[in-house]
Amino acid sequence: MSHTTATNAKEFSNKVMLYLYLKAFHIIFFTSWFAGLFYLPRIYVNLAMVNDQNTYNHLLTMARKLYRFVTPFMFITVGLGIWMLYLNAGLLKMGWMHVKLTLIGLLIGYHFLCGHYLKKFTINQSTKGHVYYRFFNEFPVLILFAVVILAVTKAF
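Residues numbered from 1 in each chain as written. Predicted model: local features only at pLDDT ≥ 70, side-chain atom pairs only at ≥ 80, totals over all residues. Heavy atoms only, no water.

Some words on the packing of helix α2 (residues 53–87) against helix α3 (residues 95–122)
Where α2 meets α3, the closest approach of the two axes is 10 Å, and the angle between their N-to-C directions is 155°. Compared by their axis directions, α2 and α3 come out roughly antiparallel. By crossing handedness, the relation of α2 to α3 is classed as left-handed. Between α2 and α3, the contacting residues are Tyr56, Leu60, Ala63, Arg64, Tyr67, Val70, Thr71, Met74, Phe75, Val78 and Leu85 on the first element and Met97, Leu101, Ile108, His111, Phe112, Cys114, Gly115, Leu118, Phe121 and Thr122 on the second. When grouped by side-chain class, the residues that make up the contact of α2 with α3 number 16 nonpolar, 4 polar and 1 charged. (Axes fitted to C-alpha atoms, helices over the stretch in contact; angles between N-to-C directions. Helix = DSSP H or I, 4+ residues; strand = E, 2+ residues; numbered from the N terminus. Parallel < 35°, antiparallel > 145°, perpendicular 65-115°, else oblique. Left-handed = near helix turned anticlockwise from the far one by under 90°. Contact = heavy atoms within 4.5 Å. Nonpolar A, V, L, I, M, F, W, Y, C, P; charged D, E, K, R; others polar.)

See the structure below:
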């Protein structure tokens, strides 16, 4: 093997390892982000039902802390995803990736909608009932199913 071939093989190996580490951290952060998106609307269900002001304040504090905690996970997840797409731009030519990115865009919108609802609860102006938040809570589950199936099968 020539020196140039060995150097190219080493560079390729380093690029593959970088991609795999990015993918591992992407999975870790999107899992953490989803955990927050699964739990936050459950807190909203309880906020919409509670009559005791002390309990309301406690749940509101939990919701605020959770939202602040998982928001950086969203940005890290997206950043890692963009970095992986930069390293493997060919993925952008695949239909399943377009669908996945659309779903992720919807999920980002959902995340910010959670923030909007949190503001409504903060000023005690939420007009939605607990049944609404129970259904609202199911949206990220559907997105998770679709995104994982798309990423694993790479088909659409």
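Examining the nonpolar core
Counting residues in each nonpolar core, the largest one holds 40 residues, and the members touching the most others are Leu40, Tyr44, Leu47, Cys114, Phe121 and Tyr133. Excluding residues within four positions of it along the chain, Cys114 makes contact with Leu37, Leu40, Pro41, Tyr44, Tyr67 and Phe136. (Core = buried A, V, L, I, M, F, W, Y, C linked by side-chain atoms within 4.5 Å. Buried < 20%, exposed > 50% of the residue type's maximum accessible area, 1.4 Å probe, protein only.)

Re the environment of Ala24
Following the sequence through the fold, Ala24 ends up in helix α1 (residues 3–49). The class for Ala24 is partly exposed, based on a relative accessible area of 35%. Separated by 63 residues in sequence, Ala24 and Leu87 place their C-alpha atoms 15 Å apart.

In short, shape yes, function no, at least from these values alone.
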